[in-house]
Amino acid sequence: MTKIDQLNDKILRELSHDGRISNLQLADKVGLSPSACLRRVQELERAGVIKGYRARLDPGQTGRAYVVYVAVGLAEHTKDAQLGFETAMQRADQVTECHNVAGAFEYMLRVEVADLPAYKAFHTDILGTVPHVRSITSYMVMGSPKDTRG
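The structure displayed is predicted, hence computed values, not measured ones. (Residues numbered from 1 in each chain as written. Predicted model: local features only at pLDDT ≥ 70, side-chain atom pairs only at ≥ 80, totals over all residues. Heavy atoms only, no water.)

A. Main features of the overall build of the protein. Across its full length, the protein carries six helices and four strands. Across the protein, helices and strands are ordered from the amino to the carboxyl terminus as α-α-α-α-β-α-β-β-α-β. Expressed as lengths along the three principal axes of its C-alpha atoms, the size of the protein is roughly 55 × 35 × 25 Å. Put simply, the protein has 150 residues, and 25% of those count as buried. Put simply, 62% of the contacts in the protein that link residues at least 6 apart link residues at least 24 apart. On the protein, roughly 10100 Å² of surface is accessible, and the fraction owed to carbon and sulfur atoms is 52%. (Helix = DSSP H or I, 4+ residues; strand = E, 2+ residues; numbered from the N terminus. Buried < 20%, exposed > 50% of the residue type's maximum accessible area, 1.4 Å probe, protein only. Contact = heavy atoms within 4.5 Å. Areas by Shrake-Rupley, 256 points an atom, 1.4 Å probe, with all protein chains shown as cover.)

B. Summary view of the nonpolar core. In this structure, Val-70, Val-72, Phe-85, Met-89, Leu-109, Val-111 and Leu-127 are the most contacted members of the largest nonpolar core, which totals 18 residues. Going through the elements one at a time, strand S1 (66-74), helix H5 (79-91), strand S3 (107-113) and helix H6 (116-126) are the ones with two or more residues in this core. Excluding its chain neighbours within four sequence positions, the residues that come into contact with Leu-127 are Val-70, Val-72, Phe-85, Met-89, Leu-109, Phe-122, Val-133 and Ile-136. Ranked by size, the runner-up nonpolar core spans twelve residues in total, among them Ile-11, Leu-15, Ile-21 and Val-30. (Core = buried A, V, L, I, M, F, W, Y, C linked by side-chain atoms within 4.5 Å.)

C. Just the packing of helix H2 (residues 23-30) against helix H3 (residues 34-46), in detail. Following both chains from N to C, one finds H2 and H3 inclined at 100°, their axes separated by 9 Å at the closest point. With respect to H3, the element H2 is oriented roughly perpendicular. Residue-level inspection shows Asn-23, Leu-24, Leu-26, Ala-27 and Val-30 of H2 in contact with H3, the latter providing Pro-34, Cys-37, Leu-38 and Val-41. Tallied by class, the residues present in the contact of H2 with H3 amount to eight nonpolar, one polar and no charged. (Axes fitted to C-alpha atoms, helices over the stretch in contact; angles between N-to-C directions. Parallel < 35°, antiparallel > 145°, perpendicular 65-115°, else oblique. Nonpolar A, V, L, I, M, F, W, Y, C, P; charged D, E, K, R; others polar.)

D. Representation of the environment of Val-95 within the structure. One can find Val-95 in strand S2 (residues 95-100). Given the relative accessible area of 12%, Val-95 is considered buried. Taking C-alpha positions, Val-95 is 18 Å from Arg-134, a pair spaced 39 residues apart along the chain. Those residues in contact with Val-95 that lie beyond four places of it in its chain are Met-89, Leu-109, Arg-110, Val-111 and Phe-122.

E. Structural context of the pairing of S1. Of all nine residues that make up S1, seven are buried, and the element is covered over most of its length. Here seven bridges tie S1 to S3, and the two strands are oriented antiparallel to one another. Bridge pairing in S3 links Val-68 to Val-111. Note: S1 against strand S4 (residues 133-140), seven bridges, orientation antiparallel. Note that in S4 the partner of Val-70 across the bridge is Ser-138. (Pairing = 2+ DSSP bridges.)

F. Broad picture of the pairing of S2. Judged from the five bridges that link them, S2 and S3 form a sheet pairing that is antiparallel. In the sheet register, Asn-100 faces S3, and the bridge partner there is Tyr-107. The turn linking S2 back onto S3 is made up of six residues, and Gly-103 within it adopts a positive phi angle of 140°.

G. Molecular detail of the sheet that holds S1. Strand order in the open sheet formed by four strands is S2-S3-S1-S4, with antiparallel pairing between adjacent strands. Of all strands in the sheet, those with a lone pairing partner are S2 and S4, marking the two edges. Here the strands of the sheet are splayed against their neighbours by 20° on average, with no regard to which way each runs. Of the strands in this sheet, S1, S2, S3 and S4 are in contact with H5, which crosses S3 at around 15°. Packing of H6 onto the sheet brings it into contact with S1, S2, S3 and S4, and relative to S4 it is tilted by some 165°.

The following block contains the structure:
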């Protein structure tokens, strides 16, 4: 396992803000020589600490500006029920995140669609048809004053 020392932490924070930053700029920001910085970044990639780089998209321009967090409870608490649900969510393009959580329900989803009618279609035609779903509670996002996801 790669040690996350103070320099690696600085590198990771900078890359999480701008994954396209040049190595020269990154080295300058974290106080390393370009070669030392590149070696550290490559080691973080090899170790799987950095899993990849991605583009941040404007949801309004991609037709996915309507964001809903959905708490889902299952009727059965079996491995098969969980695997069936997780497989169904993997196939649903509207689901951008699926988390198995502890608490009053089993799953928390992040769903991104164009608008309320599109969410209703997802809720009824996709989520509502998955076996073992007992409860669905929807939380519509009204604003996101902080979002540090890459």
